[in-house]
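Now for the letters of each chain:
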Amino acid sequence: MGERKTIELEQGWEYMQKGITKLKGILDGSLEQFNSEEYMMLYTTIYDMCTQKPPNDYSQQLYDKYREAFQEYINSTVLPSIREKHDEFMLRELVKRWANHKIMVRWLSRFFHYLDRYFIARRSLPPLNEVGLTCFRDLVYQEVNSKAKDAVLDVIGKERDGEQIDRALLKNVLDIFVEIGMSQMDHYEDDFEAHMLQGSGAYYSAEECLKRERERVSHYLHSSSETKLVEKVQHELLVVHANQLLEKEHSGVHSLLRDDKLDDLSRMFRLYHKVPHGLEPVSNVFKQHITAEGTALVQQAEDAASSQAANGGVQEQVLIRKIIELHDKYMTYVTDCFQNHTLFHKAMKEAFEIFCNKTVAGSSSAEQLATFCDTILRKGGSEKLSDEAIEETLEKVVKLLAYISDKDLFAEFYRKKLARRLLFDRSANDEHERSILSKLKQQCGGQFTSKMEGMVTDLQLAKEHQSSFDEYLGNNPTTHTGIDLQVSVLTTGYWPSYKSSDINLPAEMARGVEVFKEFYDNKSKHRKLTWIYSLGSCHINARFDQKPIELVVTTYQACLLMLFNTSDKLGYPEIMTQSNLSDDDLPRLLHSLSCGKYKILSKEPNTKTVTQNDSFEFNRKFNDRMRRIKVPLPIVDERKKVVEDVHKDRRYAIDAAIVRIMKSRKVLGHQQLVMECVEQLTRMFKPDIKAIKKRIEDLISRDYLERDKENPNMFSCSAFSDYKMEKTGLEFLYIPPSMQFCASGLI
């Protein structure tokens, strides 16, 4: 006989791979089976590769590849199919995959049988069958046993509640817990049985015991024993073992909240409601649990904001939506499980106050809430909701506001955003605007919304003014504005402050302004108009070489563009002189027209920043596929100004509160005055104790208060205070002067 041909490892394993691939196909439902010839060839290949002379004895390599074949199949096919399913569907998939795995182990162990007989015996290695099962245990069972246990316990719970369940499925799953131990019961006992026994409702058994004792009374004991007997059982079951019951790993309050066990929580409430102070530890855990969940949401938002900032993205308004969902969830717990008990309302309020007042990416919760409202209420906002859903969401937003300490900051941010929606016709629906204001009024009082309500009404009046103006022009055919002009006349005091600049208007615009002034002076002789051109917008027809394009620009941008009707090229200083704009505004405006998305002006030198040495000319070659384009201005972050305005207003509010308290109390100690001041102001913001002390000193220096000569910690109203208050109206300064702005019109 000739010498046997050597089989190389790669060549032999390639052949074995074909057999393994066919086996996988059989497991996936292929009807094709191994015939005896194929089986013998696969067995013989392994035999030959293990009996070749060194260095071609590949026993160790084949033993390793046997394990790798299982690992590859589990990672590529088994785990993904189990991970994508949940609850009972996951259990069914697990049972199917375990059955398939056992078939695969059986077949591959036959192919590799020679290893089991000689190589493994000599090396004292784990047999092939054990290696195959260990792969499933380490890769699949370790990952899913906890989820499988939870799913099985849920199904058992359903059966206890009277539902029909698939008992055969449970048996098959629990067989895995047994079989995976390979003749040891550890996995079944530790990973399943212990949880089942612990979770079988300590509260359920307590309730059953109390029920049985009452039945006992009704059957053969005297009725006078009932109260004593129930109290005794209650004490033994609930009071003696309170800590153990409430803090148990699998049936304590934490785990019941974590696993949404509403029935068990209700049962716990019913039991501990009867025990003096029994609900306090439950409500404390409830508070801790909500605080932890809410704080985690805030942290997620912070992380998302950081990564988005790093990637140049914009943070989504998801945090408020998630907090609303959290509030809905736990309000259901309070009403359904805890029967609206005040302790749980209090726990929920205190928990939400903790995480609802944290900042995310430098943005306060007050600002986030105002921005969230804006996305819902403006046209084209990110929230696409039905009218009913908008109303419902606004209701929930106002509830969240109750937890925010800086309500005055929310009011100022909200007012700024409301003004933009109203002035630029971005409000989606007037009814929703009025609806949220009425909700806010109910929650925070009329003073909170008076200016905002004034703004909404003002816009309605402004439309009537515009109609009167159009009528006036129709009745005076000789009066021409030169342009189509729309003006919103706004009332003093309602609106935020806007920059008013003496810009040099082009003749066409100036003529329109003069005509409107004549009309308005005839109508309202005792009122003075201040023109706020920074809010205006214009539609300009620009003639480019390719085609005319309508440009939608701000009034300031329009004034700059109109300068190029009479000059081909202008330097920065000339533009400044002719427009009368300052260095604060001019670079931003010129940047928007020459360096932004649409380059209406050409700039020399062609850089990305505007300097005083630049020159500009009209870019006749500009073209765009649209016939109308809006030329955007870079966004200005107003956050800092809003915060400064609010802090300024707080000084007035603290002054007013101190004076009011002192007028009613006449004489008061320092600590009491500070406490009463905090109590009065907390409704709108959380006052800083140092700020209150500073305002007291300031009022003393201005002769509103006097310090007692004998006791420096006692204060009284000064002799001049009544006269001063009469002159300044300080005692009524809930609405500070900085919030009373001039009347304004806009083009």
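About the cut-offs
- Residues numbered from 1 in each chain as written.
- Predicted model: local features only at pLDDT ≥ 70, side-chain atom pairs only at ≥ 80, totals over all residues.
- Heavy atoms only, no water.
- UniProt positions renumbered as here; feature names shortened; annotations may be inferred.
- Helix = DSSP H or I, 4+ residues; strand = E, 2+ residues; numbered from the N terminus.
- Buried < 20%, exposed > 50% of the residue type's maximum accessible area, 1.4 Å probe, protein only.
- Contact = heavy atoms within 4.5 Å.
- Areas by Shrake-Rupley, 256 points an atom, 1.4 Å probe, with all protein chains shown as cover.
- Pairing = 2+ DSSP bridges.
- Axes fitted to C-alpha atoms, helices over the stretch in contact; angles between N-to-C directions.
- Salt bridge = Lys/Arg side-chain N within 4 Å of Asp/Glu carboxyl O.
- Phe/Tyr/Trp six-rings, centres within 6.5 Å; stacked < 30°, edge-to-face > 60°.
- Lys NZ or Arg CZ within 6 Å of the ring centre and 35° of its normal.
- Expected span 1.5 Å × (residues − 1).
- Core = buried A, V, L, I, M, F, W, Y, C linked by side-chain atoms within 4.5 Å.
- 1 Å grid on protein atoms, 1.4 Å probe; cavity = no way out; pocket = protein on both sides within 12 Å on 5 of 7 lines; lining within 4 Å.
- Points joined across faces, edges and corners; volume = space filled by probe spheres on them.
- Nonpolar A, V, L, I, M, F, W, Y, C, P; charged D, E, K, R; others polar.

As named in an unreviewed UniProt entry, the chain is Cullin family profile domain-containing protein, taken from Populus tomentosa. Listed in UniProt under the heading Sequence similarities (unreviewed entry), the comment for the chain reads: "Belongs to the cullin family."

Explain the overall build of the chain here, please?
Along its length, the chain carries 29 helices and nine strands. Taken over 747 residues, the chain has a buried fraction of 44%. In the chain, the proportion of contacts linking residues at least 24 apart, taken out of those at least 6 apart, comes to 70%. Surface accessibility of the chain: about 40,200 Å² in total, with carbon and sulfur atoms responsible for 50%.

For this particular structure, what's the right way to read unusual backbone geometry?
In most cases, non-glycine residues show a negative phi, while peptide bonds are predominantly trans. A cis geometry characterises the amide bond from P54 onward to P55, with omega recorded as 5°. Between E604 and the following residue, P605, the backbone shows a cis peptide bond with an omega angle of -5°. Mapped onto the secondary structure, P605 falls in the loop between β4 (601–604) and β5 (615–618). A positive phi angle, near 65°, is found at N580, a position not held by glycine. On the secondary structure map, N580 appears in the loop between α24 (572–579) and α25 (586–594). According to the relative accessible area criterion, N580 is partly exposed, its value standing at 40%. Residue K666 is not a glycine yet carries a positive backbone phi of 65°. Relative to the elements of secondary structure, K666 occurs in the loop between α26 (639–665) and β7 (667–669). Owing to a relative accessible area of 52%, K666 belongs among the exposed residues under this scheme.

Would you explain the sheet that holds strand β6 (residues 628–630) in this entry?
In sheet architecture, strand pairing relies on hydrogen bonds along the backbone and comes in two forms, parallel and antiparallel. Strands sit in the order β1-β2-β6 across an open sheet of three strands; the sheet is mixed. In the strand order of this sheet, the two ends are held by β1 (537–543) and β6, each with one partner. With direction set aside, neighbouring strand axes in the sheet form an average angle of 25°. Pairing between β1 and strand β2 (residues 548–554): seven bridges, direction antiparallel. Among the inter-strand pairings, A542 is bridged to a residue of β2, identified as I549.

Can you walk me through the pattern of salt bridges in this structure?
All chains considered together, the criterion is met by 37 salt bridges. D259 is paired through a salt bridge with R258; the nearest N and O atoms lie 3.2 Å apart.

Please explain the packing of aromatic side chains as it appears in this structure.
Each aromatic ring pair is specified by the distance between its two centres and by the angle formed by the two planes. Under the defined criterion, the tally for this structure stands at 32 aromatic pairs. Relative to F344, the ring of F269 lies with its centre 6.0 Å away and its plane at 65°, an arrangement referred to as edge-to-face. Pair noted here: F269 is in helix α13 (residues 262–273) and F344 is in helix α16 (residues 342–355), with a separation of 75 residues, a long-range link. Taking the centre distance of 6.5 Å and the plane angle of 5° together, the rings of F410 and F448 count as stacked. With F410 in helix α19 (residues 407–423) and F448 in helix α21 (residues 446–475), the pair connects residues that are 38 residues apart, well separated along the chain. In this pair, the class of F410 matches that of F448, namely buried. Directly above the ring of W107 sits R110, whose terminal nitrogen or CZ lies 5.1 Å from the centroid. In this structure, R421 packs its charged tip against the face of Y414, placed 5.4 Å from the ring centre.

Could you clarify how one ought to interpret helix α1 (residues 9–27) in this entry?
Helical geometry note: an α-helix holds 3.6 residues per turn, so side chains three or four residues apart project in the same direction. Taking 1.5 Å per residue as the helical rise, α1 with its 19 residues ought to reach 27 Å, and the 26 Å between its terminal C-alpha atoms agrees with that figure. Residues of α1 that are buried include every one of L9, G12, W13, M16, G19, I20, K22, L23, K24, I26 and L27, and no others. Against the buried residues of α1 lie α2 (36–51), α3 (59–83) and α4 (87–111).

In this structure, what is going on with the nonpolar core? I would like to understand it.
Generally speaking, nonpolar side chains in soluble globular proteins are found buried as a group. F286, F352, F410 and Y414 are the most contacted members of the largest nonpolar core, which has 75 residues in total. In this view, Y414 contacts A370, C373, L377, R421, E433, I436, L437 and M452; residues no more than four positions away in its chain are not counted. I46, Y63, Y73 and A148 belong to the second largest nonpolar core, which has 61 residues in total.

For this particular structure, what's the right way to read the pairing of β4?
Here is the key point about a regular strand: its side chains alternate between the two faces of the sheet. A one-sided burial pattern is seen for β4, the buried positions being L601 and K603 and the unburied ones S602 and E604. The pairing of β4 with β5 spans four bridges and is classified as antiparallel. Counterpart to E604 in the pairing with β5 is S615.

Help me understand the environment of W13, please; the structure alone is not making it clear to me.
Mapped onto the elements, W13 comes out in helix α1. The exposure class assigned to W13 is buried, which follows from its relative accessible area of 10%. Residues W13 and M49 lie 36 residues apart in sequence; the distance between their C-alpha atoms is 9.6 Å. Excluding anything up to four places from it in sequence, W13 contacts I20, M49, L62, K65, Y66 and F112.

Got a minute to help me understand the pairing of strand β9 (residues 714–717) in this structure?
Judged from the three bridges that link them, β7 and β9 form a sheet pairing that is antiparallel. Within β9, the residue paired with L668 across the bridge is F715. Alignment of strand β8 (residues 705–707) against β9, held across three bridges, turns out to be antiparallel. Each bridged residue has a counterpart across the sheet, and for R707 the counterpart in β9 is F715. Between β8 and β9, which pair antiparallel in sequence order, lie six residues.

Would you take a moment to explain the sheet that holds strand β3 (residues 569–571) for this structure?
In spatial order, the strands read β3-β5-β4; together these three strands make up an open sheet with antiparallel pairing. Pairing within the sheet leaves two strands with one partner each, and these edge strands are β3 and β4. Averaged over all pairs of adjacent strands, the angle between strand axes in this sheet comes to 25°, irrespective of strand direction. Those strands touched by α24 are β3 and β5, and its axis lies near 90° from that of β3. Running over the sheet, α25 touches β4 and β5 and is turned about 115° from β4.

I tried to follow empty space enclosed by the protein on my own but got confused; where do I start?
In this approach a probe as big as a water molecule rolls over the atoms, and the regions it shows empty are the leftover space. Following the criterion strictly, the structure yields three cavities of 30 Å³ or more and no others. As for the second largest cavity, its lining consists of 13 residues, and the residues nearest its centre are I320, I323, C356, S365 and Q368. Elements with a contribution of two residues or more to the lining of the second largest cavity: α15 (318–337) and α17 (365–377). Grouping the amino acids of the lining of the second largest cavity by side-chain chemistry returns 10 nonpolar, two polar and one charged.

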